[in-house]
Amino acid sequence: MKIVLYGTPVLRKVSKKVEKIDNELNETLDEMIVTMRNAKGIGLAANQVGIDKRFFVLEIEDEIKKIINPEILEFSKELIEIEEGCLSLPGIYKKATRPRVIKVKYWNEKGEEVTEEMEDLWARAFQHELDHLDGILFIDKISVTNKQIISLITFLFLNFIYKNHLLHYICKGDFYE
């Protein structure tokens, strides 16, 4: 399983609802956890591995959540600004503002509906991955100047990497495409 990088069209599409939770989906979720860990991430959305479906995985402090067809029911008024990064934009970190607490609903890997409140890092990661499923990247939430800088740096970096066949060495693994 490979992580797709910024510029790949699937990252800008609204993902389709999962209709069936089965063994194939659970195997994919398990593979995504391995890929996420190898890339040193805390979350990975299906479209980041080229799958146009509404699911993602999160792992924070050794707790794993497999999240299918997620939605946010409520946002807190309290906002928090924290630096974010993205596995599809390796090496890019910028501050983004998000609600500190959210109430969410999703299906887990067993097909059970889950409603829970998340705060701080869990809330931030959930929002970040859900944004992916809606075709939104964290860089869409930063200033125009920072977006332009990131676009230029990313273009130059990826152009150099692809021309010199260095992606495997730069990303230190077989988990990037």
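About the cut-offs
- Residues numbered from 1 in each chain as written.
- Predicted model: local features only at pLDDT ≥ 70, side-chain atom pairs only at ≥ 80, totals over all residues.
- Heavy atoms only, no water.
- Helix = DSSP H or I, 4+ residues; strand = E, 2+ residues; numbered from the N terminus.
- Buried < 20%, exposed > 50% of the residue type's maximum accessible area, 1.4 Å probe, protein only.
- Contact = heavy atoms within 4.5 Å.
- Core = buried A, V, L, I, M, F, W, Y, C linked by side-chain atoms within 4.5 Å.
- Pairing = 2+ DSSP bridges.
- Axes fitted to C-alpha atoms, helices over the stretch in contact; angles between N-to-C directions.
- Phe/Tyr/Trp six-rings, centres within 6.5 Å; stacked < 30°, edge-to-face > 60°.
- Lys NZ or Arg CZ within 6 Å of the ring centre and 35° of its normal.

Visitor: Explain the overall build of the chain here, please?
Guide: Summing up its helical and strand segments, the chain has four helices and seven strands in all. Counting only residues that meet the buried cut, the chain has 46% of its 177 residues in that class. Put simply, of all contacts in the chain between residues at least 6 apart along the chain, 65% involve residues at least 24 apart.

Visitor: Help me out: how do you make sense of the nonpolar core in this one?
Guide: One broad rule of soluble globular proteins: the nonpolar side chains tend to lie buried together. Core analysis: the biggest nonpolar cluster contains 16 residues, and Phe56, Leu58, Tyr106, Met118 and Phe126 have the highest contact counts within it. Those elements giving two or more residues to this core turn out to be strand S2 (55–60), strand S6 (101–107), strand S7 (113–119) and helix H2 (120–133). Element by element, the count of residues in this core is highest for H2, at six residues. Look past the residues within four positions of Phe56 in its chain and what remains in contact with it is Leu29, Met32, Leu44, Ala45, Lys65, Lys66, Ile67, Pro70, Phe126, Glu129, Leu130 and Leu133.

Visitor: Looking at this structure, how should I read the sheet that holds S7?
Guide: Remark on secondary structure: sheet strands pair via backbone hydrogen bonds, oriented parallel or antiparallel. A sheet is described by the order of its strands in space; here five strands give the open sequence S1-S2-S3-S6-S7, paired in antiparallel fashion. Bordering the open sheet on either side are strand S1 (43–45) and S7, each of which pairs with just one other strand. Taking each pair of neighbouring strands and ignoring which way they run, the sheet shows an average axis angle of 40°. Examined bridge by bridge, S1 and S2 share three bridges and lie antiparallel to one another. Of the residues in S2, the one forming a bridge with Gly43 is Leu58.

Visitor: Is there a simple way to explain the pairing of S7 in this structure?
Guide: Looking down a regular strand, the side chains alternate between one sheet face and the other. Where S6 meets S7, seven bridges bridge the pair, whose relative direction is antiparallel. Within the sheet, the bridge partner assigned to Tyr106 lies in S7 and is Val114. In this antiparallel pair of consecutive strands, S6 and S7, the connection spans five residues, and Gly111 shows a positive phi of 85°.

Visitor: What is the right way to read the side chain of His132 from this model?
Guide: Assignment of secondary structure puts His132 in helix H2. In contact with His132, other than residues within four places in its own chain, are Leu11, Lys13, Ala45, Asn47, Gln48, Cys86 and Leu137.

Visitor: Please explain the packing of aromatic side chains as it appears in this structure.
Guide: Centre-to-centre distance and the angle between the planes together describe a pair of aromatic rings. The tally for this structure, following the rule as stated, stands at two aromatic pairs. Pairing Phe56 with Phe126 gives two aromatic rings, centres 5.2 Å apart and planes at 80°, and the pair type is edge-to-face. Placement of the pair is Phe56 in strand S2 and Phe126 in helix H2, with a sequence separation of 70 residues. An identical accessibility class is assigned to Phe56 and Phe126; each is buried. The structure contains a cluster of three or more aromatic residues connected by ring pairs, namely Phe56, Tyr106 and Phe126. Cation over ring: Lys65 sits above Trp122, and NZ or CZ is 5.2 Å from the ring centre.

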